[in-house]
Amino acid sequence: MAGQATVLEDGSRLSRLDHHLLRIERFLALISGLAVFGLMVLAVVSVSGRNAFNAPLPGYVDWIEQAMPLIAFLGVSFVQRDGGHIRMDIVISRLHGRALWLFELISVILILVLMLALVWGSWSHFDRSFDFGAPLWSRDSSIDIGIPLWPAKLLAPVAFSVLCVRLVLQIWGYGRAFVLGLENPVAVPLIQDAAAQAAAEAEQFEGQDG
């Protein structure tokens, strides 16, 4: 499972790059959240139209299919930055020092290899759909109302490419921590134990009460 994590910052080049990339990740995550809200609005419109006028929103399923990459992919790098993806915290919590950083480093390298393959595969999938000479630049479209599919297909390699940049920064961070024997490296998620999580939550609630 994924525990709560914190990412430290300082004035180093790695930390500055992490901060700049975080701005992009937050923007993409915002778009993903707006897509969720947009689907809620579409659902209300479709259901209201069906009940009130016996005329649901045309192409409702098509719009859902188009929005799925927005929801599923655009926030993936932001979650990786904060260590929010599924991980074996029970195993990692038993490691400390260089052993922990080495384990994290190997894990992130393997993830990067997988993501590079997914970038290549998803780009090829988009390239088969996109054509400047075709109507709306698309070789394929949705079944109901004929929405071009290439914009949705393009989102996957774009989001995965941002994730690859994040993984490169984390490889840098974990590698630096391993070589220098750092206790609290920057630009990587530091998983908090139960006591630290409870203290952070208590501090957050105290701030809200104040």
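Values in this document were obtained by computation on a predicted structure and should not be read as measured data.

### Considering the packing of helix 1 (residues 13-53) against helix 2 (residues 60-73)
Item 1. Running from N to C, helix 1 and helix 2 cross one another at 165°; their axes reach a closest spacing of 9 Å. Taken together, the axes of helix 1 and helix 2 are roughly antiparallel relative to one another. Note on packing geometry: the crossing formed by helix 1 with helix 2 is left-handed. Two secondary-structure elements touch here, helix 1 through Ile31, Ser32, Ala35, Val36, Leu39, Leu42, Ala43 and Ser46 and helix 2 through Tyr60, Trp63, Ile64, Ala67, Met68, Leu70 and Ile71.

### Section: the side chain of Ser77
Item 1. Along the chain, the position of Ser77 falls in helix 3 (residues 76-81).
Item 2. A residue is classified by how much of its surface remains accessible, and Ser77, at 2% relative accessible area, is buried.
Item 3. Ignoring any residue separated from it by four or fewer positions in sequence, one finds Ser77 in contact with Glu25, Val162, Leu163 and Arg166.

### What about the environment of Val45?
Item 1. With respect to the element layout, Val45 can be found in helix 1.
Item 2. The exposure class assigned to Val45 is partly exposed, which follows from its relative accessible area of 42%.
Item 3. For the pair Val45 and Pro56, spaced eleven residues apart in the sequence, the C-alpha separation amounts to 7.6 Å.

### Considering the pattern of salt bridges
Item 1. Summed over the entire model, instances satisfying the criterion amount to seven salt bridges.
Item 2. Notably, a salt bridge pairs Asp18 with Arg81, separated by 2.7 Å at the nearest N-O pair. Remark: Arg81 occurs in helix 3 and Asp18 occurs in helix 1; sequence separation between them is 63 residues. This pair shows no difference in class: Asp18 is buried, exactly as Arg81 is.
Item 3. Salt-bridge contacts for Lys153 lead to Asp140; the nearest nitrogen and oxygen are separated by 2.6 Å.

### Topic: the packing of helix 5 (residues 97-129) against helix 6 (residues 150-180)
Item 1. Running from amino to carboxyl end, helix 5 crosses helix 6 at an angle of 160°, the nearest separation of the two axes being 8 Å. Relative to helix 6, helix 5 is oriented roughly antiparallel. For the pair helix 5 and helix 6, the sense of crossing is left-handed.
Item 2. Of the residues contributing to the contact of helix 5 with helix 6, the split by class is 28 nonpolar, six polar and three charged.

Cut-offs used in this document
Residues numbered from 1 in each chain as written. Predicted model: local features only at pLDDT ≥ 70, side-chain atom pairs only at ≥ 80, totals over all residues. Heavy atoms only, no water. Axes fitted to C-alpha atoms, helices over the stretch in contact; angles between N-to-C directions. Helix = DSSP H or I, 4+ residues; strand = E, 2+ residues; numbered from the N terminus. Parallel < 35°, antiparallel > 145°, perpendicular 65-115°, else oblique. Left-handed = near helix turned anticlockwise from the far one by under 90°. Contact = heavy atoms within 4.5 Å. Buried < 20%, exposed > 50% of the residue type's maximum accessible area, 1.4 Å probe, protein only. Salt bridge = Lys/Arg side-chain N within 4 Å of Asp/Glu carboxyl O. Nonpolar A, V, L, I, M, F, W, Y, C, P; charged D, E, K, R; others polar.

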